[in-house]
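A structural walkthrough
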Amino acid sequence: MDYEGIVYRPPSEARSLIIQVTIGCAHNTCGFCNMYKEKKFRIRSLAEILADLTEVSHNPYAPYIEKVFLADGDALVMKTEDLLVILDAIHRLYPGVKRVASYGTAQDILRKSEEELIRLREAGLGIVYVGAESGDNEILKYINKGVTAEQTIEAGQKLKRCGIATSVTLISGLGGRSKVEEHALSCAKLITAMNPEYASFLTLRLYEGTPMYADVVEGRFQRITPDEIVDEIEIFLKNVDSPGTVFRTNHASNYVILAGTLNGDIPAMLKKLEEAKRTHHYRKFRETGDLL
Ligand code: SF4
């Protein structure tokens, strides 16, 4: 099986079999994102996808595969009937699979009826990774996310009602220097309303060729410092109320690694942030891979 272009997956899908059901991202206009810029979006044919699944199933390690991740950027854009054919093939060919996951935009989730989402869950779709990025509508408009915070909340609540776990990603520093507090408070409000199974912050990284990179170079967007990023996460943790959500800042882009369960572990995580800020013990900027 050959992959088309660079394939991305969440850190927690590191051990999953990755199957491309789409190529690229149907939205592909977020101002900070360069992940699928080289790809022209298309939904792969069922014949291609089923051929990949069949080919890999002959691998001697296939019986040990427990998780499958449907790539690329927003597999839920596919028609539900086609996703059901894929999920059925996964369970037929890989009896050891316990969970299937995918990225999903709020737009795609809202386009599907609850009945469709329940059928997908019954067929094995266990978790959807939603890139919410921020809960502030001005920021979402600026980054060209294509949805409002209210729509993202609605999408998350819909997944919850349908029994599909949600992992929500937010981006530290996305509001720049002028919106540290607004961004943090809006993220806390969003996670409180969604109460997802998982939530995490990445740190804003910018790559040449993206609109936000140009904004930084030309002085229209002021990036925040590691201290301000810690302030932002502190404000978030002091204002979020989402019992049971597993919270992490353990991506390669994060300056301080946090891991805990809301709300119980908030005091311990705040203590760790305080300590990092006092000692300036941050993971090195260059380690984040940011090109600026
Ligand atoms: S929806 Fe996700 S993958 Fe698509 S452009 Fe936005 S951030 Fe990138």
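Not measured: the values here are computed from a predicted model.

The next thing to look at is the overall build of the chain. In terms of helices and strands, the chain carries ten helices and ten strands. A compact globule built from 292 residues should have a C-alpha radius of gyration of about 19 Å, and the chain, at 19 Å, falls within 12% of that. Overall, the C-alpha framework of the chain stretches about 55 × 40 × 35 Å when taken along its three principal axes. Burial statistics for the chain: of 292 residues in total, 51% are counted as buried. In the chain, the proportion of contacts linking residues at least 24 apart, taken out of those at least 6 apart, comes to 76%. Only carbon and sulfur atoms are counted for the fraction: they give 53% of the accessible area of the chain, which is about 13500 Å².

Reading across the sheet, the eight strands line up as β1-β4-β5-β6-β7-β8-β9-β10 and stay open at both edges, with mixed pairing between neighbours. Each edge of the open sheet carries a strand with a single partner, namely β1 (17-20) and β10 (258-261). In this sheet, adjacent strand axes meet at a mean angle of 20° when their direction is disregarded. The pairing of strand β4 (residues 67-71) with strand β5 (residues 99-103) spans four bridges and is classified as parallel. Across the sheet, the residue bridging to Leu70 is Ser102, located in β5.

Quick look at the UniProt feature "domain: Radical SAM core" (unreviewed entry) in the chain now. As recorded in UniProt, the sites labelled "domain: Radical SAM core" (unreviewed entry) are residues 9-243. Counting secondary structure, residues 9-243 comes out at 41% helix and 17% strand; the distance between its end C-alpha atoms is 26 Å.

Quick look at the site of the ligand now. The environment of the ligand is formed by Cys25, His27, Asn28, Thr29, Cys30, Phe32, Cys33, Met35, Tyr36, Glu133 and Lys145. Here the shell around the ligand is built from residues that sort into six nonpolar, three polar and two charged.

This paragraph deals with the pairing of β4. By the criterion of burial, β4 is predominantly enclosed, with four of the five residues buried. Two strands pair when backbone bridges link them, and β1 and β4 are joined in this way by four bridges, in the parallel orientation. Each bridged residue has a counterpart across the sheet, and for Leu17 the counterpart in β4 is Val68. Handedness of the crossover is the feature at issue here: the chain leaves β4, passes through helix α2 (residues 80-93), returns alongside β5, and the resulting connection is right-handed.

Thresholds applied
All residue numbers here refer to positions counted from 1 along the written sequence of the relevant chain. Side-chain atom pairs in this predicted model are given and counted only at pLDDT of 80 or more, local residue features only at pLDDT of at least 70, and totals for whole chains, interfaces and linings cover all residues. Side-chain numbers come from the whole structure's heavy atoms, not from hydrogens or water. Going along the chain from the N terminus, every DSSP run of H or I of four or more residues is numbered as a helix, and every run of E of two or more is numbered as a strand. Only C-alpha atoms enter the radius of gyration, while the globule expectation follows 2.2 Å times N to the 0.38, with N the number of residues. Partly exposed residues are those whose accessible area sits between 20% and 50% of the maximum for their type, while under 20% is buried and over 50% is exposed, using a 1.4 Å probe and protein chains only. A contact between two residues is defined here by any heavy atoms of the two lying within 4.5 Å. Reported accessibility uses the Shrake-Rupley method at a 1.4 Å probe radius. Residues are deemed covered only where the shown protein chains occlude them. Strand pairing is assigned whenever DSSP detects at least two bridges linking the two strands. Note on geometry: axes are lines fitted to C-alpha atoms, helical ones only across the stretch in contact, with angles between N-to-C directions running from 0 to 180 degrees. UniProt positions are given in the numbering used here, feature names are shortened, and annotations may be inferred rather than shown by experiment. Here a residue is near a molecule or strand as soon as one of its heavy atoms is found within 4 Å of it. When residues are grouped by polarity, Ala, Val, Leu, Ile, Met, Phe, Trp, Tyr, Cys and Pro land in nonpolar, Asp, Glu, Lys and Arg in charged, and all others, Gly among them, in polar. For the handedness criterion, the strands are oriented away from the viewer, and a crossover whose path from the first strand over the helix to the second runs clockwise is classed as right-handed.

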